[in-house]
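One-letter residues, chain by chain:
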Amino acid sequence: MSEFKGNVFIDPKQLTSYGDAANDGAVQLSFTLPIPYGALAKEAAKVFVRNLGFDTLDIVSMEDMQEGYTFFVVYAHTQKTIDVSKIKVMDVSFRVMSREETDDFIQKKIGRPLVVVGATIESDAHTVGLDAILNMKGYHGDYGLERYKMFTVHNMGSQVLCEEVVRKVKETKADALLISQIVTQKNLHIQNLTKLMDLLEIEGVRKGLLTIVGGPRISYELAVELGYDVGFGSGTVPSQVASYIATTLSERAELT
Amino acid sequence: MRQALDEIAAEQKRYIRLTNYASGLCMPEIAMMASWEGLDFLLNDSMYGILFRDINMKRTFVDQYFSRLIVALSGITINTGEDNYLTTSDAIEKAYAVTASQLINEAFAKKAGMKEAYMGLGHAFEIDPAIENGFLYELAHALLARELFPNATLKYMPPTKFMTGNVFKGYAMNTLFNLASVFTGQDIQLLGMLTEAIHTPYLQDRYLAILNANYIFNNARLLGYELEVKKGGFIERRAQEVLSQALTLLKHTQKVGLMNAIQEAQFADISRSQDGGKGLSGVHRKSEGYYNPVLSELERRLGIEVAL
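Predicted, not measured: the structure shown is a model, and the values here were computed from it.

1. Focus: the overall build of chain B
Secondary structure assignment for chain B yields 13 helices and seven strands. Radius of gyration (C-alpha) of chain B: 20 Å, near the 19 Å computed for a compact globule of 308 residues. If you line up chain B on its principal axes, its C-alpha atoms span 60 × 50 × 35 Å. For chain B, the residues scored as buried account for 42% of the 308 residues in total. Partitioning the intrachain contacts of chain B with sequence separation of at least 6 by distance along the chain shows that 72% fall at a separation of at least 24.

Here it is as structure tokens:
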């Protein structure tokens with residue numbers, strides 16, 4: 001599946017990044033080194049970037065951030081290439097339906113409204129993602145799950161303890177659980193999501209419950225790795241989540 | 001913290017303000033600690049806890065009053081939380097909720113003896129960047145706040161809701177935010193982070209945010225003094241529209257009462273009941289012989305007349 005871009009040969013078995021010419025391996029980097037601004041800092045930055053695997057590089061900006069910190073903007077080129085044909089990705093495949101279609105689908109296939117519990121858990125105070133999917137208003141003109149006839153939505157808001165989530169799942173006999181998590185540099189989201197999954201298992205509500213994670217840096221792989229059914233990243237609209245819940249739960253209902 | 005900042009302040013030859021929150025279930029207690037420790041700013045809103053943290057409304061109204069009496073005597077500037085209305089609702093549709101809340105926050109602050117200069121009434125730059133003339137809407141909203149509260153110390157919050165992983169676009173959005181601020185004469189500028197929605201800021205993210213703000217605030221310093229918005233133009237008409245919508249909401253609130261208006265979900269589309277929420281167990285009707293020496297002394301020093 002090699003192809004020509006313009007008049008340049010792009011080889012998927014030896015793919016590299018594209019700056020302003022094919023196969024130039026150009027990358028832009030910015031970082032801080034905790035050493036004082038000066039000639040030594042500049043040389044240290046060069047050695048650092050070379051050690052990252054870049055052979056030619058250009059420090060286009062070096063700025064004194066004071067108190068012994070220096071900020072760099074670097075353009076570098078790499079010789080390293082990758083073989084795209086060897087890469088496998090996990091992805092969910094389902095048909096995205098309109099709100100009306102999804103409502104009809106649930107009515108026909110399941111015959112009762114599906115109960116959805118949503119929360120942002122533990123220390124996480126961000127509700128933007130959760131609200132975008134659940135609130136009437138929705139996101140980018142795509143109405144949220146609250147507007148669907150066939151979803152009963154319980155939006156618990158932010159900073160909800162895992163224990164409270166599990167209680168709510170039990171109390172409402174939830175069909176699907178939506179957890180929104182922002183990813184932090186300290187990887188707190190992993191701990192939070194793991195804790196919740198453990199609790200769901202211990203309390204015996206994991207089976208039969210569709211568990212969904214969403215967040216700007218959440219991937220399908222990460223969600224599955226942590227024991228969830230699916231993960232949705234940034235740019236996900238409510239109708240995608242609604243369609244996924246409807247189709248997956250109807251498939252499960254048919255299997256049992 | 002205060003001591004450490006004072007040491008740095010002496011080195012830098014400029015005063016550095018210390019900020020914290022007085023919200024939740026302990027507003028007066030935190031305000032007291034802040035006063036004692038010499039804080040300068042406190043995030044303190046008359047309705048935030050009710051709407052966004054599900055704290056009982058009676059509890060919050062009592063607590064915010066007491067906390068603001070302490071704040072008023074301590075020379076602390078409050079920062080109100082109107083930006084929250086825009087992160088949960090559409091920033092154009094619900095712009096009037098910000099204005100109405102600013103007026104309510106101002107009224108409560110005045111009741112507690114606060115001076116206007118200590119009112120950091122809040123608003124935010126949260127309009128969808130894809131909207132045509134979105135920047136003009138932002139200017140209209142920011143100018144409305146400025147003209148409505150000429151003596152307040154306005155607090156302006158950066159874009160968060162529509163920040164994506166594209167840090168370059170995010171940086172451009174923060175630049176427009178800074179430009180709106182310098183043009184409309186905002187006072188407390190919370191700097192936008194290009195990595196908002198990704199992770200807690202790296203050192204370089206903060207550095208770049210300061211670089212951006214310094215550039216815009218220096219480069220466009222007198223813009224607001226030089227340019228006037230066109231009479232009868234888009235910005236003026238939009239500000240009028242928001243103001244009249246806010247007045248409609250406040251007139252309705254006056255008619256049904258603030259607590260009922262909150263119950264009707266008039267604010268932030270969130271309904272709270274008078275006897276719901278956290279902290280109700282700590283709310284009691286004052287008995288005839290009720291006397292709180294601290295409260296009375298605070299009110300006396302602030303010259304507040306209390307209806308008996």
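From this point on, the discussion continues.
2. Things to note about the overall build of chain A
Secondary structure assignment for chain A yields seven helices and ten strands. Expected size for 256 residues packed as a compact globule is a radius of gyration near 18 Å; at 24 Å, chain A overshoots this value by more than 25%. Taking the principal axes of the C-alpha coordinates as reference, chain A spans close to 70 × 50 × 35 Å. Out of the 256 residues belonging to chain A, those deemed buried represent 31%. Across chain A, the fraction of contacts at a sequence separation of at least 24, relative to all contacts at a separation of at least 6, is 64%.

3. Observations regarding the nonpolar core
Counting 69 residues, the largest nonpolar core has B:Ala31, B:Leu42 and B:Val71 as its most contacted members. In terms of residue count, the dominant contributor to this core is helix 6 (residues 95–111) of chain B (eight residues). Beyond its immediate sequence surroundings of up to four residues, B:Leu42 is in contact with B:Asn20, B:Tyr21, B:Ala22, B:Ala31, B:Ala34, B:Val71, B:Ile76, B:Ile78 and B:Asn79. The next biggest cluster of nonpolar side chains, apart from the first, holds 38 residues, and it includes A:Tyr148, A:Met150, A:Leu177 and A:Ile212.

4. With respect to the interface of chain B and chain A
Listed per partner, the contact involves 14 residues of chain B and 14 residues of chain A. For the side of chain B that touches chain A, the leading source of residues is helix 9 (residues 203–219) of chain B, giving three residues.

5. Description of helix 4 (residues 57–74) of chain B
Residues and elements named next belong to chain B. The end-to-end C-alpha distance of helix 4 is 25 Å, a good match for the 26 Å that 18 residues give at a rise of 1.5 Å each. Residues of helix 4 that are buried include every one of Met57, Arg59, Thr60, Asp63, Gln64, Tyr65, Ser67, Arg68, Leu69, Ile70, Val71 and Ala72, and no others. Just beyond helix 4, the residue with positive phi is Gly75, at close to 70 degrees.

6. Quick notes on the packing of helix 4 of chain B against helix 13 (residues 293–302) of chain B
All names here are of chain B. Packing of helix 4 against helix 13 brings their axes to within 10 Å, and their N-to-C directions diverge by 45 degrees. Comparing their axes, helix 13 and helix 4 come out oblique. Every pair of crossing elements has a handedness; the one defined by helix 4 and helix 13 is left-handed. Counting all contacts with helix 4, which are made through Phe66, Leu69, Ile70, Ala72 and Leu73, the residues of helix 13 involved are Leu295, Leu298, Glu299, Arg301 and Leu302. Classifying every residue of the contact of helix 4 with helix 13 by side-chain character gives eight nonpolar, no polar and two charged.

7. A closer look at the sheet that holds strand 4 (residues 119–120) of chain B
Within a sheet, neighbouring strands are paired by backbone hydrogen bonds and run either parallel or antiparallel to one another. Residue and element names in this part refer to chain B. Spatially, 1-2-3-4 is the arrangement adopted by the four strands of the open sheet, whose pairing is parallel. The open sheet terminates on both sides in strands that have one partner only, identified here as strand 1 (19–21) and strand 4. As paired strands, strand 1 and strand 2 (residues 41–43) are joined by three bridges and run parallel to one another. Bridged to Asn20 within strand 2 is Leu42.

8. Some remarks on helix 6 of chain B
Residue and element names in this part refer to chain B. End to end, helix 6 covers 25 Å across 17 residues, agreeing with the expected 24 Å (1.5 Å per residue, within 8%). Where burial is concerned, most of helix 6 is hidden: twelve out of the 17 residues are buried. Among the residues of helix 6, Ala95, Tyr96, Ala97, Val98, Thr99, Ala100, Ser101, Gln102, Ile104, Asn105, Phe108 and Ala109 are the ones counted as buried. Phi for Gly113, located one or two positions after helix 6, is positive at around 80 degrees.

9. Examining the sheet that holds strand 5 (residues 70–78) of chain A
Residue and element names in this part refer to chain A. Strand order in the open sheet formed by three strands is 3-5-4, and the pairing between neighbours is antiparallel. Sheet topology places strand 3 (26–33) and strand 4 (54–64) at the edges, where each strand pairs with a single neighbour. Strand-to-strand twist in this sheet, taken as the mean axis angle between neighbours without regard to direction, amounts to 20 degrees. Across eight bridges, strand 3 lies against strand 5 in antiparallel orientation. Its bridge partner being in strand 5, Ala26 is matched across the sheet by His77. The strands touched by helix 1 (residues 39–51) are strand 3, strand 4 and strand 5; relative to strand 4, the strand with the most contacts, the crossing angle is about 145 degrees.

10. Considering the domain arrangement of chain A
The domain boundaries assigned to chain A delineate domain 1 (3–85) and domain 2 (99–255). In this structure, domain 1 of chain A and domain 2 of chain A have C-alpha centres spaced 39 Å apart.

11. Some details on unusual backbone geometry
Residue and element names in this part refer to chain B. The backbone of Ala268 shows a phi angle near 60 degrees, a positive value even though the residue is not glycine. By the secondary structure assignment, Ala268 is in the loop between helix 12 (258–263) and helix 13. A positive phi is found at Asp269, a non-glycine position, where the angle reads about 60 degrees. In this fold, Asp269 is placed in the loop between helix 12 and helix 13.

12. Observations regarding the environment of B:Tyr202
Inspection of the secondary structure assignment puts B:Tyr202 in the loop between strand 7 (188–189) and helix 9. Sequence-distant contacts of B:Tyr202, defined by excluding residues within four places in its chain, comprise A:Thr32 and B:Thr195.

13. Observations regarding the pairing of strand 9 (residues 210–214) of chain A
Residues and elements named next belong to chain A. Within strand 9, four of the five residues are buried, which leaves it mostly tucked inside the rest of the structure. Across three bridges, the pairing between strand 9 and strand 10 (residues 230–232) is parallel. Across the sheet, Gly214 pairs through a bridge with Phe232, a residue of strand 10. In this view, the connection linking strand 9 to its parallel neighbour strand 10 by way of helix 6 (residues 220–225) has right-handed handedness.

14. Examining the packing of helix 7 (residues 134–148) of chain B against helix 11 (residues 234–256) of chain B
Residue and element names in this part refer to chain B. Look at helix 7 against helix 11: their axes get within 8 Å of each other, and the N-to-C directions meet at 55 degrees. Looking at the two axes, helix 7 sits oblique to helix 11. For the pair helix 7 and helix 11, the crossing hand works out as right-handed. Only Phe234, Ile235, Arg238, Ala239, Val242 and Leu243 of helix 11 make contact with helix 7, whose side of the interface consists of Leu136, Tyr137, Leu139, Ala140, His141, Leu143 and Leu144. Its residues placed into classes, the contact of helix 7 with helix 11 shows eleven nonpolar, one polar and one charged.

The rules behind the values
- Residues numbered from 1 in each chain as written.
- Chains lettered and ligands numbered in written order.
- Predicted model: local features only at pLDDT ≥ 70, side-chain atom pairs only at ≥ 80, totals over all residues.
- Helix = DSSP H or I, 4+ residues; strand = E, 2+ residues; numbered from the N terminus.
- Rg over C-alpha atoms; globule rule 2.2 N^0.38 Å.
- Buried ≥ 20, exposed ≤ 12 C-beta atoms within 10 Å, placed from the backbone.
- Contact = placed C-beta atoms within 7 Å.
- Core = buried A, V, L, I, M, F, W, Y, C linked by C-beta atoms within 7 Å.
- Expected span 1.5 Å × (residues − 1).
- Axes fitted to C-alpha atoms, helices over the stretch in contact; angles between N-to-C directions.
- Parallel < 35°, antiparallel > 145°, perpendicular 65-115°, else oblique.
- Left-handed = near helix turned anticlockwise from the far one by under 90°.
- Nonpolar A, V, L, I, M, F, W, Y, C, P; charged D, E, K, R; others polar.
- Pairing = 2+ DSSP bridges.
- Domains from an automatic or database assignment.
- Right-handed = clockwise from strand over helix to strand, strands pointing away.

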